[in-house]
There are 2 protein chains.
Amino acid sequence: MATTYFGQYIIRQSEIFFTSELSFALVNLKPVLPGHVLVCPKRIVPRFKDLTKEEVSDLWISAQKISVVIEDHFKGNSVTFAIQDGKEAGQTVEHVHVHIIPRKVKDFENNDEIYAEIEKDRQPRSYDEMEKEANELRPYFENK
Amino acid sequence: MATTYFGQYIIRQSEIFFTSELSFALVNLKPVLPGHVLVCPKRIVPRFKDLTKEEVSDLWISAQKISVVIEDHFKGNSVTFAIQDGKEAGQTVEHVHVHIIPRKVKDFENNDEIYAEIEKDRQPRSYDEMEKEANELRPYFENK
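Predicted model, so just to flag it, every value in this text is computed and none were measured.

About the cut-offs
Residues numbered from 1 in each chain as written. Chains lettered and ligands numbered in written order. Predicted model: local features only at pLDDT ≥ 70, side-chain atom pairs only at ≥ 80, totals over all residues. Heavy atoms only, no water. Helix = DSSP H or I, 4+ residues; strand = E, 2+ residues; numbered from the N terminus. Buried < 20%, exposed > 50% of the residue type's maximum accessible area, 1.4 Å probe, protein only. UniProt positions renumbered as here; feature names shortened; annotations may be inferred. Contact = heavy atoms within 4.5 Å. Polar contact = N/O pair within 3.5 Å; in protein donor to acceptor, adjacent residues only side chain to side chain. Salt bridge = Lys/Arg side-chain N within 4 Å of Asp/Glu carboxyl O. Nonpolar A, V, L, I, M, F, W, Y, C, P; charged D, E, K, R; others polar. Pairing = 2+ DSSP bridges.

This part is about unusual backbone geometry. The phi torsion at Lys75(A) lies on the positive side, around 55°, for a residue other than glycine. Mapped onto the secondary structure, Lys75(A) falls in the loop between helix H1 (53-73) and strand E6 (78-85). Given a relative accessible area of 66%, Lys75(A) falls into the exposed group. Despite not being glycine, Lys106(B) shows a phi value in the positive range, around 60°.

Written as structure tokens, this is what we have:
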């Protein structure tokens with residue numbers, strides 16, 4: 001099986017819970033809230049403008065599917081979607097990625113505090129915990 | 001010409017600078033930073049999950065095109081993309097909309113302060129100013 005990279009980082013297959021023709025989704029080493037996942041184009045390019053139309057469509061149709069599952073599985077009522085497209089927008093990994101974060105009433109005192117959290121240096125969680133979460137999510141997308 | 005609505009709000013044609021088959025883009029009454037614009041599906045639905053695949057593709061292929069122009073026109077180096085998808089994510093107008101915001105070095109002291117700004121009650125600007133901006137942007141998209 002080919003090695004999967006997220007920017008310069010090698011991603012374990014156990015962290016990936018969704019794959020489409022041109023995109024994949026992985027659980028997060030440092031989630032801002034439970035269920036914070038990332039969707040990426042398979043092709044490693046830094047900026048959203050670098051994507052072909054086919055990649056843009058596949059990425060966001062994938063993000064839509066994933067958001068429905070994530071909102072339900074983590075018992076949210078809403079979803080935050082964001083792309084930090086370039087360094088001045090807070091991007092740290094030079095591989096386009098959509099943040100998908102399920103939201104609940106009062107998960108933050110102010111709804112938009114979440115964005116400040118996205119780039120804070122949070123504690124990484126264990127690979128066991130990440131694998132467990134990916135294993136829970138993967139079945140939603142199988143045979144669909 | 002049909003009246004254009006952004007959720008419950010009637011939008012002047014002079015505020016719209018981009019139209020595709022299924023989407024349109026408008027300048028912002030209360031921009032967080034210069035060049036902060038919104039892209040919406042023509043069909044008024046509250047949640048991203050309510051969109052068809054065709055609408056998702058058209059919305060984000062439009063957002064990509066617009067982001068390239070906006071970044072260049074407003075002399076940015078990066079772009080922030082966000083959807084506040086549902087009330088708990090900070091959505092106030094019940095019509096899906098992508099925020100596109102050109103970013104520059106040190107436009108905020110911390111890159112992610114911008115998101116807290118998105119929902120603050122900012123001062124509205126004049127319609128003359130909005131019309132001027134839309135008039136500047138519209139030619140980029142004509143005959144393309």
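Residue and element names in this part refer to chain A. Those places that UniProt annotates as "binding site: substrate" (unreviewed entry) correspond, in this numbering, to Asn28, Gln84, Gly90, Gln91, Thr92, Val93 and His99. Relative to the helices and strands, Asn28 resides in the loop between strand E4 (23-27) and strand E5 (37-41). Beyond its immediate sequence surroundings of up to four residues, Asn28 is in contact with His36, Leu38, Arg125 and Met130. Among the polar contacts made by the side chain of Asn28, one reaches the side chain of His36 at a distance of 3.3 Å. For Gln84, a relative accessible area of 2% gives the class buried.

Turning next to the interface of chain A and chain B. At the junction of the two partners, chain A supplies 34 residues and chain B supplies 34 residues. Note that Lys49(A) is salt-bridged to Glu71(B), the shortest N-O span being 3.5 Å. Seen at the junction of chain A and chain B, the total is 19 residue pairs in polar contact (both at pLDDT 80 or more). Elements with a minimum of two residues in the side of chain A that touches chain B: H1, E6 and helix H2 (113-118) of chain A. Residues belonging to the side of chain A that touches chain B are distributed by class as follows: 14 nonpolar, nine polar and eleven charged. Examined bridge by bridge, E6(A) and strand E6 (residues 78-85) of chain B share seven bridges and lie antiparallel to one another. Note on E6(B): the bridge partner recorded for Ile83(A) is Phe81(B).

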